[in-house]
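# Structure at a glance
Below are the chains, spelled out letter by letter.
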Amino acid sequence: MNRKKIALIGGGQIGGVLAQLIARRQLGDVMMYDIVEDLPQGKTLDIAEASRIDGFDVKVQGTNDYKDIDGADLVIITAGLPRKPGMSRDDLLTTNAKIMKSVAEGVKEHAPDAIVIIISNPLDAMVTLFQKITGFPHNRVMGQAGVLDSSRFSTFIAWELGVSVKDVNAMVLGGHGDTMVPIVRYANVNGIPVMELLERKYGDKAKAQEVMDAMVQRTKKAGGEVVALLKTGSAFYSPASAATAMAEAIIYDEKRLLPVCAYLQGEFGVDGYYVGVPAVLGATGVEKVIDFELDETEQAAFDNSVNAVKKLVADMERLGF
Ligand code: APR
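Being a predicted model, the structure only gives us computed values, none of them experimental.

The rules behind the values
Residues numbered from 1 in each chain as written. Predicted model: local features only at pLDDT ≥ 70, side-chain atom pairs only at ≥ 80, totals over all residues. Heavy atoms only, no water. Pairing = 2+ DSSP bridges. Helix = DSSP H or I, 4+ residues; strand = E, 2+ residues; numbered from the N terminus. Contact = heavy atoms within 4.5 Å. Axes fitted to C-alpha atoms, helices over the stretch in contact; angles between N-to-C directions. Near = heavy atom within 4 Å. Polar contact = N/O pair within 3.5 Å; in protein donor to acceptor, adjacent residues only side chain to side chain. Areas by Shrake-Rupley, 256 points an atom, 1.4 Å probe, with all protein chains shown as cover. 1 Å grid on protein atoms, 1.4 Å probe; cavity = no way out; pocket = protein on both sides within 12 Å on 5 of 7 lines; lining within 4 Å. Sits in = over half its atoms within 2 Å of the grid points. Buried < 20%, exposed > 50% of the residue type's maximum accessible area, 1.4 Å probe, protein only. Salt bridge = Lys/Arg side-chain N within 4 Å of Asp/Glu carboxyl O.

Our focus in this paragraph is the sheet that holds strand β8 (residues 181-189). Spatially, 3 strands are ordered β7-β8-β9 in an open sheet, and the strand pairing comes out antiparallel. The sheet is open, and its two edges are formed by β7 (168-173) and β9 (192-193), each paired on a single side. Docked against the sheet, helix α6 (residues 146-161) engages β7 and β8, running at close to 140° with respect to β7. Each of β7 and β8 is contacted by helix α8 (residues 205-220), which is oriented at about 125° to β8, the strand it contacts most.

Moving on: the site of the ligand. Around the ligand there are 23 residues in total, and Gln13, Ile14, Asp34, Thr78 and Leu81 lie nearest to it. Separating an oxygen atom of the ligand from a backbone N or O atom of Gly12 is a distance of 3.4 Å. Residue Asn121 places a side-chain N or O atom 3.0 Å away from an oxygen atom belonging to the ligand. Protein contact buries 87% of the 730 Å² of open area that the ligand shows by itself. Here the ligand occupies the largest pocket.

This next bit is on the side chain of Asp149. Assignment of secondary structure puts Asp149 in helix α6. Take Asp149: its relative accessible area is 2%, and that puts it in the buried class. Apart from residues lying up to four places away in sequence, Asp149 is in contact with Val172, His176, Met180 and Thr219.

Under the counting rule described, the total for this entry stands at 17 salt bridges. Among the ionic pairs, Glu248 bridges to Arg25, the shortest N-O distance being 2.9 Å. Note that Glu248 is positioned in helix α10 (residues 237-251) and Arg25 in the loop between α1 (13-24) and β2 (29-33), a separation of 223 residues in sequence. Overall, the relative accessible area of 19% leaves Glu248 in the buried class. The partly exposed category is assigned to Arg25, whose relative accessible area is 38%. Close ionic contact of Glu105 with Lys101 constitutes a salt bridge, the shortest N to O distance being 3.5 Å. Here Glu105 and its partner Lys101 are both found in helix α4 (residues 93-110), 4 residues apart, which amounts to about one turn of the helix. On the basis of relative accessible area, Glu105 is assigned to the partly exposed category, the value being 41%. Note on Lys101: relative accessible area 38%, which makes it partly exposed. What emerges from the salt-bridge pattern is a single network uniting Arg185, Asp295 and Glu298.

That's the geometry; what it means functionally is another story.
This is how it looks when you write it as structure tokens:
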């Protein structure tokens, strides 16, 4: 098997962790692009010099020239400003749309056959804009949000129940904003519903619900919680981990069913928008969106989240993008 070429557009906090994770897992040769002179070269040199210790043979290089991403199989985009305390992801719209426009043009010219994972916020709008500019088929353009939001939800459940997070399955759907939708009904520990385990723990349905509600709220605000603590930027280890899991699913054609910001064509009652939904990830990117029946409350929350995405996309169009 030929080694894959993975281009990272953005060599900031997330880009750096991504490069290291990808190298350690030997998913492919890494080419990190950033507009800041010497930054991607410096970061990748630092990572590459640990190759003897970490035991990887893949190349890890940096550039300020889009030509060097030529022929990339996979592109992961983190270019754009992160949040500062008090900001919502949507506050980044104008600045990051400008950046995304230039990134989309560069990727379109130099990596026209790549599968693309976007992490830059506001996520759903950035994915929409990138696809619009490149015209890439929808299955090759997706966003990372749900894998991380679901991991956050699963982590809180594991802490609450005192079980290994490896046995927790919980999914977060919808847009990657304050309206995201943690799916409580199907959250389980090796098949046992989390709600049942909470009811047994507290011996009281109302208390179990209260504890779950608090975990749902913490999940929705988890990105902001990290921003408030870091003060200088937003989460970067966990978004990099999440995108690496998606990259791995694509490179090894794993057919993993993951929550992904994918293009909907009628699924979940939505047509023509990018929103977080379960999807099968394999060698061709988003191979299938997995539609399933939401109950009334979940559907209402999902619709509310889709409306927030629609508003964001409309705002972006009004700004001329
Ligand atoms: N082309 C390429 N890179 C760019 C461009 C551009 N036009 N404009 C800015 N960058 C680079 C910056 O130079 C910086 O190195 O993007 C990088 C962003 O890195 P950080 O500021 O460290 O942000 P990070 O924490 O990595 O988050 C990146 O992901 O989760 C989202 O909200 C987050 O939008 C933010 C993005």
